[in-house]
Amino acid sequence: MDEQHGPTPDAIMQLGSGFWGSKTLLSAIELGLFTELAAAGPLDGEALRERLGLHPRSASDFFDALVALGMLRRDGTRYSNTTETEVFLDRAKPSYIGGILEMMNARLYGFWGSLTEGLRTGAPQNESKGGKDVFATLYADPARLAQFAKSMSAISFGAGQAIAAKFPFKDYNTVIDIGCAEGMVPAQIAMAHDHVRGGGFDLPQLEPIFNSFVSGLGLGERLSFMTGDFFADPLPRADVLVMGHILHDWNLEEKRVLLRKAYDALPESGALIVYEAIIDDERRENAFGLLMSLNMLIETPGGFDYTGADCQEWMRETGFRETSVEHLVGPDSMVVGIK
Ligand SMILES: C[S@@+](CC[C@H](N)C(=O)[O-])C[C@H]1O[C@@H](n2cnc3c(N)ncnc32)[C@H](O)[C@@H]1O
């Protein structure tokens, strides 16, 4: 609102054209621009263009748009990373979070083009369109499976560190991450707490990916992979079970089945940690969580995200005697249920 002239369309235009900026960033990540600058240091535009193999026509518009969007710095004619892009978008660093953005670029950017159809029909708009099994379709291509697992690590890295810091693991000895993908979260917990052992449970396709990730961190002795299907099989037993970005993949009935299975697998006083972009109870503030729920429309037949109050209610109905919600990092929170 402009005090003197009334409403302005600025915010509407900015959001409406937001995909221009979004795709510019996603293409820069796809091209490895930030990784190149991290390795080479500041480069003038022509050298950067040549290294990335770009046509001369739009290269300087592309680089300068990234400057204007706050993703690059330019001093004179030389471009360099910002503090943030140097840390988070250099593929050579362990702090790289581009995995999730690479997956958004390769898959979701296109699929979100059919959001209106998804809203009209309630049906998924990804590779599984037409009623195919979501994970079987996603994992049919080994490159897509590897990219998906990496993207999960990127989205769970910060949450994993926060869970390791905030949950009282000193009172528990074993932890198993249900639907663990590469195993980023049990790895963060094990690195922060020397006494904790356990591992991850997931579909068989994830086994080699988990084993290579965990042994690469020197945790192969303490964390192991358990193969299973969480609808067909009982869940493995541990003092603490974790479910990250699991419940939001499924409809309410399936969510309740998974909570019941976790409850059954826990000992008395055991804990279930559910984490994801938990929506604020008023459903007004956590835009990322609400958009993630729309992403579940794109990706799954019945999945949706939910508030902390919703999750606590389902946990209580399942039998958990204590429940609580704690913010982790960014849009993510954890809901903890104690049996
Ligand atoms: C959205 S990913 C979440 C990965 C990880 N927890 C994270 O947040 O980074 C969902 C995970 O559930 C696993 N999954 C899907 N269906 C499963 C099933 N029926 N049994 C076991 N795992 C399953 C997938 O393979 C995938 O790793």
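Since the structure is predicted, the reported quantities are computational estimates derived from the model, not experimental observations. (Residues numbered from 1 in each chain as written. Predicted model: local features only at pLDDT ≥ 70, side-chain atom pairs only at ≥ 80, totals over all residues. Heavy atoms only, no water.)

Section: the overall build of the protein chain
- A tally of regular secondary structure across the protein chain gives 15 helices and ten strands.
- Its C-alpha radius of gyration of 22 Å places the protein chain within 12% of the 20 Å reference for a compact globule of 339 residues.
- Within the span of the protein chain, comprising 339 residues, buried residues form 49% of the whole.
- Sequence separation of at least 24 residues holds for 67% of the intrachain contacts in the protein chain that already meet a minimum separation of 6.
- As displayed, the protein chain has an accessible area near 16,500 Å², and 55% of this comes from carbon and sulfur atoms.
- Positive and negative side-chain charges in the protein chain, numbering 29 and 47 respectively, have mean positions lying 2 Å apart. (Helix = DSSP H or I, 4+ residues; strand = E, 2+ residues; numbered from the N terminus. Rg over C-alpha atoms; globule rule 2.2 N^0.38 Å. Buried < 20%, exposed > 50% of the residue type's maximum accessible area, 1.4 Å probe, protein only. Contact = heavy atoms within 4.5 Å. Areas by Shrake-Rupley, 256 points an atom, 1.4 Å probe, with all protein chains shown as cover. Lys, Arg positive; Asp, Glu negative; His and termini not counted. Charge placed at Lys NZ, Arg CZ, Asp CG, Glu CD.)

With respect to the domain arrangement of the protein chain
- Domains assigned within the protein chain are domain 1 (10-88) and domain 2 (155-338).
- Domain 1 and domain 2 are separated by 35 Å when their C-alpha centres are compared. (Domains from an automatic or database assignment.)

Quick word on the packing of helix H3 (residues 33-40) against helix H4 (residues 45-52)
- Taken N-terminus to C-terminus, the directions of H3 and H4 make an angle of 120°; their axes are 11 Å apart at the nearest point. Judged by the angle between their axes, H3 and H4 are oblique. Considering how the two elements wind past one another, H3 and H4 form a crossing that is right-handed. Contact with H3, carried on its side by Leu-33, Glu-36, Leu-37 and Ala-40, involves Leu-48, Arg-51 and Leu-52 of H4 and no other residues of that element. (Axes fitted to C-alpha atoms, helices over the stretch in contact; angles between N-to-C directions. Parallel < 35°, antiparallel > 145°, perpendicular 65-115°, else oblique. Left-handed = near helix turned anticlockwise from the far one by under 90°.)

Here's the deal with the layout of surface pockets
- Volume-wise, the second largest pocket comes out at about 400 Å³.
- Forming the boundary of the second largest pocket are 17 residues, of which Pro-94, Tyr-96, Lys-150, Met-184 and Phe-213 lie nearest the centre.
- If you list the elements that add at least two residues to the lining of the second largest pocket, you get helix H7 (98-111), helix H10 (142-166) and helix H11 (184-192).
- The leading source of residues in the lining of the second largest pocket is H10, at five residues.
- Classifying every residue of the lining of the second largest pocket gives eight nonpolar, four polar and five charged. (1 Å grid on protein atoms, 1.4 Å probe; cavity = no way out; pocket = protein on both sides within 12 Å on 5 of 7 lines; lining within 4 Å. Points joined across faces, edges and corners; volume = space filled by probe spheres on them. Nonpolar A, V, L, I, M, F, W, Y, C, P; charged D, E, K, R; others polar.)

Structural notes on the side chain of Gln-188
- With respect to the secondary-structure elements, Gln-188 resides in helix H11.
- With near-sequence residues (within four places) excluded, Gln-188 lies in contact with Phe-157, Gly-160, Gln-161 and Ala-164.

What to know about the site of the ligand
- Within the structure, the ligand sits among 18 residues, and Tyr-139, Ser-156, Gly-179, Asp-202 and His-245 are positioned closest to it.
- The separation between an oxygen atom of the ligand and a polar main-chain atom of Met-152 is 3.2 Å.
- The contact in question runs from an oxygen atom of the ligand to an N or O atom on the side chain of His-245, over 2.6 Å.
- Looking at the shell around the ligand, the elements with two or more residues in it are helix H9 (134-139) and H10.
- The residue makeup of the shell around the ligand, split by class, is ten nonpolar, five polar and three charged. (Near = heavy atom within 4 Å. Polar contact = N/O pair within 3.5 Å; in protein donor to acceptor, adjacent residues only side chain to side chain.)

Structural notes on unusual backbone geometry
- Even without being glycine, His-245 reaches a positive phi, approximately 55°.
- Relative to the elements of secondary structure, His-245 occurs in the loop between strand S7 (240-244) and helix H13 (252-265).
- Overall, the relative accessible area of 6% leaves His-245 in the buried class.
- Despite not being glycine, Arg-283 has its phi angle at roughly 55°, a positive value.

Brief notes about the packing of aromatic side chains
- In total, this model carries 16 aromatic pairs according to the counting rule given.
- Centre to centre, the rings of Phe-62 and Phe-63 are 5.8 Å apart; their planes meet at 40°, and the pair counts as tilted. As far as the burial class goes, Phe-62 and Phe-63 line up, both buried.
- With a centroid separation of 6.1 Å and 55° between ring planes, the pair formed by Tyr-139 and Phe-148 is classed as tilted. (Phe/Tyr/Trp six-rings, centres within 6.5 Å; stacked < 30°, edge-to-face > 60°.)

Examining H13
- With 14 residues, H13 extends 20 Å between its outermost C-alpha atoms, agreeing within 8% with the 20 Å of an ideal straight helix rising 1.5 Å per residue.
- All of the buried residues along H13 are Lys-255, Leu-258, Leu-259, Lys-261, Ala-262, Tyr-263 and Ala-265.
- On its buried face, H13 is in contact with S7, strand S8 (271-276) and helix H15 (308-318).
- Between the side-chain oxygen of the N-cap and the backbone nitrogen of Glu-253 there are 3.1 Å, and the N-cap of H13 in question is Asn-251. (Expected span 1.5 Å × (residues − 1).)

Notes on the pairing of S7
- Counted residue by residue, S7 has five buried out of five residues, so it is predominantly covered.
- Residues Val-240, Val-242 and Gly-244 of S7 are buried on one face, and the alternating residues Leu-241 and Met-243, pointing to the opposite face, are buried as well.
- The pairing of strand S4 (residues 174-178) with S7 spans three bridges and is parallel. What sits directly across from Asp-177, in S7, is Val-242.
- By the bridge criterion, five bridges tie S7 to S8 in an arrangement that is parallel. Residue pairing for S8: Leu-241 is matched across the bridge by Leu-272. (Pairing = 2+ DSSP bridges.)

Section: the pattern of salt bridges
- Going through the model one piece at a time under the given rule, you end up with 16 salt bridges.
- Glu-102 serves as the salt-bridge partner of Arg-91, at 3.5 Å between the closest nitrogen and oxygen. Taken as a pair, Arg-91 in the loop between helix H6 (83-88) and H7 and Glu-102 in helix H7 lie far apart in primary sequence, eleven residues in all.
- Note on Arg-91: relative accessible area 39%, which makes it partly exposed.
- Overall, Glu-102 belongs to the partly exposed group, its relative accessible area being 24%.
- Taken together, the shared-partner salt bridges connect Arg-107, Glu-127, Arg-144 and Glu-299 into one network. (Salt bridge = Lys/Arg side-chain N within 4 Å of Asp/Glu carboxyl O.)

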